Amino acid sequence: MAEVSVKYANFTTTEILCHGLGADFLYPYDCTVIDVGGQDTKAIKMVSSKPEDFIINDKCSAGTSKFLEVMANRLGLELTQLYKTAQQNLNIKISSTCTVFCRV
């Protein structure tokens, strides 16, 4: 785990707090942090330099459509072109939970 890989650390903290404090450092007013990552997507509401509320989805990047964007780029297609290509074969099913569960 990355949180415990530094031997000289005096404490551990959460990813939510780290994201929030980083945003507060750059934008020292109340703000909302939105992180669309490969493992999850999170939104953090910062008020008075503290995370007041947050929400995290339970899906990987496939749930946020990032996988489709990456695959379109790898195929040299725009997202609209990928959509049109997918419409040519309606038997292909794509799960919205994880790219590992894509079926052909």
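Further up the page is the structure itself.
Notes on the structure in this doc start here. Every value quoted in this text rests on a predicted model; they were computed, and no experiment measured them. (Residues numbered from 1 in each chain as written. Predicted model: local features only at pLDDT ≥ 70, side-chain atom pairs only at ≥ 80, totals over all residues. Heavy atoms only, no water.)

For the rest of this paragraph, the subject is the nonpolar core. Ile 16, Ala 23, Cys 31, Val 33, Ile 44 and Met 46 together form the largest nonpolar core, which totals six residues. Not counting the four nearest positions on each side in its chain, Cys 31 is found in contact with Ala 23, Ile 44, Lys 45 and Met 46. (Core = buried A, V, L, I, M, F, W, Y, C linked by side-chain atoms within 4.5 Å. Buried < 20%, exposed > 50% of the residue type's maximum accessible area, 1.4 Å probe, protein only. Contact = heavy atoms within 4.5 Å.)

Okay, the pairing of strand S1 (residues 31-36) next. Burial along S1 is one-sided: the face carrying Cys 31, Val 33 and Asp 35 is buried and the face carrying Thr 32, Ile 34 and Val 36 is not. Sheet topology places S1 next to strand S2 (residues 41-47); six bridges connect them, and they run antiparallel. Among the inter-strand pairings, Cys 31 is bridged to a residue of S2, identified as Met 46. (Helix = DSSP H or I, 4+ residues; strand = E, 2+ residues; numbered from the N terminus. Pairing = 2+ DSSP bridges.)

Taken in spatial order, the three strands line up as S1-S2-S3 in an open sheet, and their pairing is antiparallel. The strands lining the two open edges of the sheet, one partner per strand, are S1 and strand S3 (50-56). For this sheet, the mean angle separating the axes of adjacent strands, direction not counted, is 15 degrees. Sheet analysis places S2 next to S3, joined by six bridges and oriented antiparallel. Opposite Lys 45, over in S3, you have Asp 53 as the bridge partner. Sitting on the sheet, helix H1 (residues 15-26) touches S1, S2 and S3, and the angle it makes with S2 is about 55 degrees. (Axes fitted to C-alpha atoms, helices over the stretch in contact; angles between N-to-C directions.)

With that settled, the discussion passes to the pattern of salt bridges. Per the stated rule, a full pass over the model turns up three salt bridges. Note that Asp 35 is salt-bridged to Lys 42, the shortest N-O span being 3.1 Å. Considered together, Asp 35 and Lys 42 belong to a single accessibility category, that of buried residues. Between Lys 45 and Glu 52 there is a salt bridge, with its nearest N and O atoms 3.1 Å apart. (Salt bridge = Lys/Arg side-chain N within 4 Å of Asp/Glu carboxyl O.)

Here the focus is the environment of Val 47. Positionally, Val 47 belongs in strand S2. For the pair Val 47 and Pro 28, spaced 19 residues apart in sequence, the C-alpha to C-alpha distance is 9.8 Å. If we skip the residues at most four places from it in the chain, Val 47 touches Asp 30 and Glu 52.

Turning next to the environment of Leu 82. Structurally, Leu 82 can be placed in helix H3 (residues 79-87). Leave out the neighbours within four places in its chain, and Leu 82 touches Leu 68, Ala 72, Leu 75 and Leu 77.

Our next topic: unusual backbone geometry. Its identity is not glycine, yet Ser 48 carries a phi of approximately 55 degrees, on the positive side. Residues other than glycine seldom take positive phi values, yet Ser 49 does so here, at roughly 65 degrees. Its place among the elements puts Ser 49 in the loop between S2 and S3. Residue Ser 49 is classed as partly exposed on the basis of its relative accessible area, which comes to 35%.

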